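An overview of the molecular structure
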Amino acid sequence: MATIQWFPGHMSKARRQVQENIKHVDFVTILVDARLPLSSQNPMLTKIVGDKPKLLILNKADLADSNRTKEWRKHFESQGIKTLAINSKEQATVKLVTDAAKDLMKDKLAKLRERGIQKETLRTMIIGIPNAGKSTLMNRLAGKKIAVVGNKPGVTKGQQWLKSNKDLEILDTPGILWPKFEDQLVGLKLALTGAIKDQLLPMDEVTIFGLNYFKTYYPDRLLERFKGIDLEEEAPEIIMEMTRKLGFRDDYDRFYQLFVKEVRDGKLGRYTLDIVGEEDGND
Ligand SMILES: Nc1nc2c(ncn2[C@@H]2O[C@H](COP(=O)(O)OP(=O)(O)O)[C@@H](O)[C@H]2O)c(=O)[nH]1
Ligand SMILES: [Mg+2]
């Protein structure tokens, strides 16, 4: 779990680092949590990435509601953004990302070929907020052999290109950007999925938000997991009832911990907290 506290100084440093590294890549790999395709984006993403070709990856797709993932991909694609939904823990990811990269860059590569330039290897860097899965994806793409490709002039000293295969190389330092803070609802979503530290928001609020969300969109999951739950009741009553039924007496904190952990671990099934059309990006 990331422990970064973001202050304005850290933000501008993170932004500078990403923008410096972006100069050396052919395209940028933006990693978001598929459960939060908007809420887990950096609020200044468009400005930071600029004109570089982008591949928007919805990671942790194995934890997300697959129908909503489809809707989100359609939404982004309709804005001309190339997307992919993956589980970084799977080997199949390597081919998916490589193929998407080649597709994203096919016009550029064709133009280069016309001019007699045969460019084989595409270079990218992974950027995203903490916990999006940047390290997991990078390690997956680089494979066990972690073939170091050597320093490239201009890239910050000590940074290297990791070879995924003949078509793809990844900068070994992912760009870590800050999450959205201002919006209360976004904060609750980030907390419920574990994208931000638990200390940042009260667990009772996170639990109530989660309970209400599942009540509205996935009531069957609650009924199945918490037998005897009365969905007609308001969240605080449900919490009291369930805490007692689980034998926790009046230790509500214990219920919050349990509930939030189970939601994060997918014990209540796959879910997506952002809904297409309900909110805008705030770039
Ligand atoms: N289920 C699932 N978990 C993932 C996936 N990608 C990353 N994770 C988990 O998410 C957590 C954060 O991943 P990490 O790579 O450290 O994120 P980073 O902070 O962006 O580098 C870890 O517990 C990973 O195991 C994925 O595609 N599916
Ligand atoms: Mg990491």
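A quick note: this is a predicted structure, and the numbers were derived from the prediction, not measured. Along each chain, residue indices are assigned from 1 in the same order as the chain's sequence is written. For naming, the first written chain is A and the first written ligand is 1, with later ones following in the order written. Per-residue local features are limited, in this predicted model, to residues with pLDDT of at least 70; the limit for side-chain atom pairs, both in listing and counting, is 80 or more; totals at the level of whole chains, interfaces and linings are taken over all residues. By convention in this description, side-chain values take in all heavy atoms of the structure and omit both hydrogens and water.

1. With respect to the overall build of the protein chain
Each helix corresponds to a stretch of at least 4 residues labelled H or I by DSSP, and each strand to a stretch of at least 2 residues labelled E; elements are numbered beginning at the N terminus. Looking only at helices and strands, the protein chain features 11 helices and 8 strands. The dimensions of the protein chain, computed from C-alpha atoms along their principal axes, are 70 × 35 × 35 Å. A sequence separation of at least 24 residues applies to 71% of the contacts in the protein chain between residues at least 6 apart. Here the Shrake-Rupley method, with its probe set to 1.4 Å, supplies the accessible areas, and only the displayed protein chains count as covering residues. Total accessible area computed for the protein chain in this model is approximately 14,400 Å², and 51% of it derives from carbon and sulfur atoms. Under this rule, positive means Lys or Arg and negative means Asp or Glu; His and the chain ends count for nothing. Just so you know, the charge point we use is NZ for Lys, CZ for Arg, CG for Asp and CD for Glu. If you average the places of the 47 positive and of the 40 negative side-chain charges in the protein chain, the two averages end up 9 Å apart. Throughout, a contact is declared for two residues whenever any of their heavy atoms are within 4.5 Å.

2. Quick word on the pattern of salt bridges
Any Lys or Arg side-chain nitrogen found within 4 Å of a carboxyl oxygen on Asp or Glu counts as a salt bridge. All told, the structure shown has 16 salt bridges when counted by the stated rule. The closest approach of N and O atoms between K102 and D167, which form a salt bridge, is 3.4 Å. Taken together, the residues span a long stretch of sequence, with K102 in helix α4 (residues 93–104) and D167 in the loop between β6 (161–165) and β7 (168–171) at a distance of 65 residues. D198 is the salt-bridge partner of R264, the closest N and O atoms lying 2.6 Å from each other. Of the two residues, R264 is situated in helix α11 (residues 252–264) and D198 in the loop between α7 (184–193) and α8 (203–217); the sequence distance between them amounts to 66 residues.

3. Thoughts on a negative patch on the surface
A cluster of acidic side chains, namely D204, E205, D250, D251 and D253, defines a negative patch on the protein surface. Mapped onto the elements of the fold, D250 is located in the loop between α10 (235–245) and α11. The buried label goes to any residue with under 20% of its type's maximum accessible area, the exposed label to any with over 50%, and the partly exposed label to all in between, with areas taken from a 1.4 Å probe on protein chains only. The class of D250 is exposed, set by a relative accessible area of 58%. Exposure above 30% relative accessible area and the absence of a salt bridge qualify a residue for a patch, where like charges join within 9 Å and nonpolar side chains (Val, Leu, Ile, Met, Phe, Trp, Tyr) within 5 Å.

4. Some details on the nonpolar core
Within this scheme, the nonpolar core is defined by two criteria: the residues are buried Ala, Val, Leu, Ile, Met, Phe, Trp, Tyr or Cys, and they are joined through side-chain atoms within 4.5 Å. Of all hydrophobic cores here, the largest spans 34 residues; its most connected members are L222, F226, F255 and F259. For this core, the elements supplying multiple residues, two or more each, are α7, α8, α10 and α11. The dominant element in this core, judged by the number of residues it contributes, is α8, at 6 residues. Other than its neighbours up to four places away in sequence, L222 contacts L211, F214, K215, I229, L231, F259 and L268. Core analysis: the next-biggest nonpolar cluster, separate from the first, contains 26 residues, W6, M11, L58 and F76 among them.

5. Regarding the domain arrangement of the protein chain
Each assigned domain of the protein chain is listed with its residue range as follows: domain 1 (4–172) and domain 2 (202–264). Each of domain 1 and domain 2 was reduced to a C-alpha centroid, and the two centroids are 37 Å apart. Each domain span listed reflects an automatic or database assignment of domains.

6. Side note on the packing of α7 against α11
In this description, a line fitted to the C-alpha atoms serves as the axis of each element, helices being fitted only across the stretch in contact, and the angle between N-to-C directions of two axes falls anywhere from 0 to 180 degrees. Across the interface, α7 lies against α11 with an axial gap of 8 Å and an inter-helix angle of 85°. As judged from the angle between their axes, α7 and α11 are roughly perpendicular. Residues A191, L192 and T193 of α7 form the contact with α11, whose own contacting residues are V260, V263 and R264. Just so you know the grouping, Ala, Val, Leu, Ile, Met, Phe, Trp, Tyr, Cys and Pro go in nonpolar, Asp, Glu, Lys and Arg go in charged, and all remaining residues, Gly too, go in polar. Tallied by class, the residues present in the contact of α7 with α11 amount to 4 nonpolar, 1 polar and 1 charged. Here roughly perpendicular refers to angles of 65 to 115 degrees, roughly parallel to angles under 35, roughly antiparallel to angles over 145, and oblique to all remaining angles.

7. Considering the site of ligand 1
Residues are counted as near a molecule or strand when any one of their heavy atoms sits within 4 Å of it. Lining the immediate environment of ligand 1, one finds 14 residues, of which D62, S88, N131, K134 and T136 sit closest. Between ligand 1 and N87, the relevant distance is 3.1 Å, taken from an oxygen atom to a side-chain nitrogen or oxygen of the residue. Polar contact is defined as a pair of N or O atoms within 3.5 Å, subject to the rule that within protein one atom must be able to donate a hydrogen and the other to accept it, and that residues adjacent in sequence are counted only when both atoms are side-chain atoms. For ligand 1, an oxygen atom lies 2.7 Å from a polar atom in the side chain of K134. If ligand 1 stood free it would expose 580 Å²; the protein chains cover 74% of that surface. For the shell around ligand 1, the element with the most residues is helix α6 (residues 134–142), which contributes 3 residues.

8. Focus: the pairing of strand β2 (residues 54–59)
In terms of burial, β2 is largely enclosed, as 5 of its 6 residues are buried. When DSSP finds two or more bridges between two strands, those strands count as paired. Of the pairings in the sheet, the one linking strand β1 (residues 27–33) to β2 comprises 6 bridges and is parallel in character. Counterpart to L31 in the pairing with β2 is I57. In terms of handedness, the path from β2 via helix α3 (residues 66–78) over to strand β3 (residues 82–85) forms a crossover that is right-handed. Note on handedness: a crossover is taken as right-handed if, strands pointing away from the viewer, the path from the first strand over the helix to the second is clockwise.

9. Some remarks on the confidence of the model for the protein chain
pLDDT expresses how confident the predictor is about each individual residue, on a scale running from 0 to 100. In this model, the protein chain carries a mean pLDDT of 92, and residues with pLDDT of at least 70 account for 92%. Confidence drops under a pLDDT of 50 for residues 147–154, and excluding neighbours within four residues, the segment shows 21 contacts in the predicted structure.

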